[in-house]
Amino acid sequence: MLEFLPSMPEMTDEVLAWRPRGYREYFQHSPLPGAREAARRYEKVDPTLRARFESLLNRLNDIALLAQSRVVQEMNGPNFPESIAEPCEATAEAMRAGLAYVARLINEGPIGAHPTKRSEGTKTPSKKQRKPSHG
């Protein structure tokens, strides 16, 4: 929502009403199918991985809360909503990067925990090893 706020200032109240929730709390209140099972499985995740995941989510929440405070500072100013365009875009970029990292952590585990295919011997051949192309 922050990303759209400069062009849709009518969303200001909704942006400011947002509050962070932990992963457990989210699934406890979620109407999504499988939410209870997800919460049960989350409790079985390796504690080190879970701590890393929660740390990342806390950082994302901090980024969003800082953006909210910037909106509050600017919302009664003469240049609102233009004055928040750049900070909102920067926040959106930081959130996308953080969420991509969270997705990678969920899907692949901690960085360095599993060897990649390249490190398992499927390296790309060097130019000298490649066969010449004909065409």
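Here, every reference points to the structure presented above.
Report follows, based on the coordinates. (Residues numbered from 1 in each chain as written. Predicted model: local features only at pLDDT ≥ 70, side-chain atom pairs only at ≥ 80, totals over all residues. Heavy atoms only, no water.)

Okay, the packing of aromatic side chains next. The relation between two aromatic rings is expressed through the spacing of the ring centres and the mutual angle of the planes. Across all of its chains, the model carries five aromatic pairs by this definition. Judged by centre distance (4.4 Å) and plane angle (45 degrees), the rings of tyrosine 23 and tyrosine 42 are tilted. Of this pair, tyrosine 23 sits in helix α2 (residues 23–28) while tyrosine 42 sits in helix α3 (residues 35–43); the two residues are 19 residues apart in sequence, bridging distant segments of the chain. Aromatic side chains tyrosine 26 and phenylalanine 27 sit 5.1 Å apart centroid to centroid with 85 degrees between the ring planes, which places their arrangement in the edge-to-face category. A relative accessible area of 38% means that tyrosine 26 is categorised as partly exposed. Ring pairs connect the aromatic residues Tyr23, Tyr26, Phe27, Tyr42 and Phe53, which therefore count as one cluster. A cation over a ring is seen here: arginine 50 above tyrosine 42, with NZ or CZ 5.8 Å from the ring centre. (Phe/Tyr/Trp six-rings, centres within 6.5 Å; stacked < 30°, edge-to-face > 60°. Helix = DSSP H or I, 4+ residues; strand = E, 2+ residues; numbered from the N terminus. Buried < 20%, exposed > 50% of the residue type's maximum accessible area, 1.4 Å probe, protein only. Lys NZ or Arg CZ within 6 Å of the ring centre and 35° of its normal.)

Okay, the packing of helix α4 (residues 47–74) against helix α5 (residues 85–108) next. The contact between α4 and α5 brings their axes to 10 Å, and the two run at 170 degrees. By the angle between their axes, α4 is roughly antiparallel relative to α5. Together, Leu49, Arg52, Phe53, Leu56, Leu57, Leu60, Ile63, Ala64, Ala67 and Arg70 of α4 and Pro87, Thr91, Ala94, Met95, Gly98, Leu99, Tyr101, Val102, Leu105 and Ile106 of α5 make up the contact between the two elements. (Axes fitted to C-alpha atoms, helices over the stretch in contact; angles between N-to-C directions. Parallel < 35°, antiparallel > 145°, perpendicular 65-115°, else oblique. Contact = heavy atoms within 4.5 Å.)

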